[in-house]
Amino acid sequence: MTVYGIIMLCTFFMCLLFNPASELPVVTFFGRIMVFTLIGLLSLAVYYSKEELTVKSWWIRTVLHLLLLEAVLLPLAHHWGFWKSGPDAWIYAGFILLAKVLLHLVEYGINAKTASQINEKIRKNRLEKRA
Amino acid sequence: MKVTVEQIGREHEEELIVRCHDPGASWVEGVREAASGQRTVCGWRENTLRRLKLSEVFYFEVVDDRSFVYTQAEVFEAKEKLYEFEQLCAGSALFRCSKSMILNMEKIDYVRPSPSGRFEAVLSNGEKVVVSRKYVSVLKRMLGV
């Protein structure tokens, strides 16, 4: 759902910047967004490992994941007419990068909240034990 | 084997006396553990076997099919597999925190998010270990978050 939401956000801002008067054929548009989301989710298989990933291998896979997304989504978006010229392609590639960064930031934010809840509980438990 | 249970008054201290031929027999060890209410695990270090209480274990880790037990400042090698440690730790403060590790919740000083989408737990001895997102829900449940 996060992936879907981020793709929708990026699409909204791209339309707002480059074609504010555009009208969308709802079924086709949402169908294509769903395909993008599905590709985004399937590509997460890049992170699959039997062993726990080290920080270094996580960064390598993150770069690989970005390259994979660019390699699959750019031609597909071109085929569907989301971008036409060379400069458009760079902007589109930039939006894919932005979407990935945004996804990790959202994830980090959620984790920070969870960590703060856990730390609060650990602190309370410690105080109770001392008392 | 003859088993004698004698009921005593509250004013007397409870006591367990084992009369046996071999004080080192495994069943005697079992009785000792049951009486102390402590679960233990055996760990090897420099050709010496030591019995470690679960409460003194910081974490268990499996690396290249070898199992290790980490305490405050020492590392021991053990024979058990990760799933056997998991069975041993059931109902205790130890929980599976990643694909290769079982961590003692009571030794966690604090946790912080890691840029890699996981969590880093800083332990009371200053050591840092990874807690996967998949298993952080177990920690939350154990803590009652």
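Refer to the structure above for everything that follows.
Residues numbered from 1 in each chain as written. Chains lettered and ligands numbered in written order. Predicted model: local features only at pLDDT ≥ 70, side-chain atom pairs only at ≥ 80, totals over all residues.

(A) Spotlight on the interface of chain A and chain B. On the side of chain B, 19 residues touch chain A, which itself brings 16 residues to the contact. Elements with a minimum of two residues in the side of chain A that touches chain B: α3 (55–79) and α4 (86–130) of chain A. Here the side of chain A that touches chain B gets twelve residues from one element, more than from any other, and that element is α4 of chain A. Within the side of chain A that touches chain B, the residues separate by chemical class into seven nonpolar, five polar and four charged. (Contact = placed C-beta atoms within 7 Å. Helix = DSSP H or I, 4+ residues; strand = E, 2+ residues; numbered from the N terminus. Nonpolar A, V, L, I, M, F, W, Y, C, P; charged D, E, K, R; others polar.)

(B) Representation of the sheet that holds strand β8 (residues 108–113) of chain B. Spatial ordering of the open sheet is given by β8-β9-β10 (chain B), a layout of three strands whose pairing is antiparallel. A single partner strand is all that each edge strand has here, and the edge strands are β8 and β10 (128–131) of chain B. Direction aside, the axes of adjacent strands within the sheet are offset by 30° on average. As defined by bridge partners, β8 of chain B adjoins strand β9 (residues 119–123) of chain B across five bridges and the pair is classed as antiparallel. Opposite Y110 of chain B, over in β9 of chain B, you have V122 of chain B as the bridge partner. Where α4 of chain A meets the sheet, it contacts β8 and β9 of chain B, and its direction lies at approximately 165° from that of β8 of chain B. (Pairing = 2+ DSSP bridges. Axes fitted to C-alpha atoms, helices over the stretch in contact; angles between N-to-C directions.)

(C) Spotlight on the nonpolar core. Core analysis: the biggest nonpolar cluster contains 28 residues, and Y59, C97, I102, L103 and V131 of chain B have the highest contact counts within it. Dropping the residues within four chain positions of it, C97 of chain B is found in contact with I102, L103, V129, V131, S132 and Y135 of chain B. By size, the runner-up hydrophobic cluster in this structure holds ten residues, among which are I6, I7, L69 and A99 of chain A. (Core = buried A, V, L, I, M, F, W, Y, C linked by C-beta atoms within 7 Å. Buried ≥ 20, exposed ≤ 12 C-beta atoms within 10 Å, placed from the backbone.)

(D) Spotlight on unusual backbone geometry. Residues and elements named next belong to chain B. Non-glycine residue N47 carries a positive phi angle of around 60°. In this structure, N47 sits in the loop between β1 (40–45) and β2 (48–53). In this structure N47 comes out as exposed when scored by C-beta crowding, with 5 C-beta atoms within 10 Å. In this structure, D65 is a non-glycine residue whose phi angle is positive, near 65°. Looking at the secondary structure, you find D65 in the loop between β3 (59–63) and β4 (66–70).

Remember that the coordinates give geometry; whether it matters functionally is a separate question.
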